[in-house]
Amino acid sequence: MSRFILIGWAAVLLLILSWLVWQKEQTAAHGRVVLLELAPRDPRSLMQGDYMVLTYRLPDALQQQLTSAKPPQHGHVILKLDAKNIGTLQRLDDGTPLAADEIRLRFRNRQGRLRLGAESFFFQEGDAGKYAAARYGELRVDAQGNSVLIGLRDANQVQIGRPVIR
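All residue numbers refer to positions counted from 1 along the written sequence of the respective chain. Since the coordinates come from a predicted model, pLDDT governs what is reported: local features require at least 70, and pairs of side-chain atoms require 80 or more to be given and counted, while whole-chain, interface and lining totals use all residues. Here the side-chain values reflect all heavy atoms present in the structure, with hydrogen atoms and water set aside.

## Some details on the environment of V53
Moving on, step 1. Examined against the element boundaries, V53 turns out to sit in strand β3 (residues 49-53).
Moving on, step 2. When its relative accessible area of 22% is taken as the criterion, V53 is described as partly exposed.
Moving on, step 3. For V53 and F122, which are 69 residues apart along the polypeptide, the C-alpha to C-alpha distance reads 8.8 Å. The helix count covers DSSP runs of H or I at least four residues long, the strand count covers runs of E at least two residues long, and both are numbered beginning at the N terminus. The buried label goes to any residue with under 20% of its type's maximum accessible area, the exposed label to any with over 50%, and the partly exposed label to all in between, with areas taken from a 1.4 Å probe on protein chains only.

Below, the structure written as structure tokens:
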């Protein structure tokens, strides 16, 4: 009997994981391209291989809102997109309708630090010099504000290397 319960739980877990992967694939395939400016990055070469810790540039006013007396632990920020899809953080989502050049992006607040999604970018060993020119994180964002990091772009918004997900 316990064997069947274990198999049942394993099947449920497999279905949940498959659904989560499918959701990310849908966001990557159909989400809107958004470029977020990167703050200084931290390239590393550890046991995991070469990777870059990503930090997104944030306006001081928004950061102050998040370190207020009761900062939200999660929610959405509103990005204003320019003609090149470069997103600028405008405000916390207050439920007002979005303008045509705005998009919602989910965030998590961890000890006053805004996390907008992927914070690590892994690349092939020996390619650190190529990715040192990165100035933008390229995200795909769906209508609910979920995002997937697709790749990195340089100061001219040219994609560096191959996209992570096509």
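## Here's the deal with the nonpolar core
Moving on, step 1. The set of buried Ala, Val, Leu, Ile, Met, Phe, Trp, Tyr and Cys residues whose side-chain atoms join them within 4.5 Å is what this entry labels a nonpolar core. Membership of the largest hydrophobic core comes to 26 residues, with the highest contact counts inside it found for L36, L54, Y56, V77, L116 and L152.
Moving on, step 2. Going through the elements one at a time, β1 (32-37), β4 (74-81), β5 (86-92), β6 (102-110), β9 (136-141) and β10 (147-153) are the ones with two or more residues in this core.

## Observations regarding the pattern of salt bridges
Moving on, step 1. We define a salt bridge as a contact between a side-chain nitrogen of Lys or Arg and a carboxyl oxygen of Asp or Glu at a distance within 4 Å. All told, the structure shown has 6 salt bridges when counted by the stated rule.
Moving on, step 2. The salt bridge involving K80 is made with D101; its shortest N-O contact spans 2.8 Å. Separated by 21 residues along the polypeptide, K80 in strand β4 and D101 in the loop between β5 and β6 bring together distant segments of the chain.
Moving on, step 3. One salt bridge connects D93 with R104, and the closest N-O pair in it is separated by 2.5 Å. Of this pair, D93 sits in the loop between β5 and β6 while R104 is found in strand β6, placing the two residues 11 residues apart along the sequence.
Moving on, step 4. Here D93 falls in the partly exposed class, since its relative accessible area comes to 26%.

## Digging into the pairing of β1
Moving on, step 1. A pair of strands counts as paired when DSSP detects no fewer than two bridges linking them. Alignment of β1 against β9, held across 6 bridges, turns out to be antiparallel. Among the inter-strand pairings, R32 is bridged to a residue of β9, identified as V141.
Moving on, step 2. As defined by bridge partners, β1 adjoins β5 across 2 bridges and the pair is classed as parallel. From the neighbouring strand, L35 faces β5, where its bridge partner is I86.

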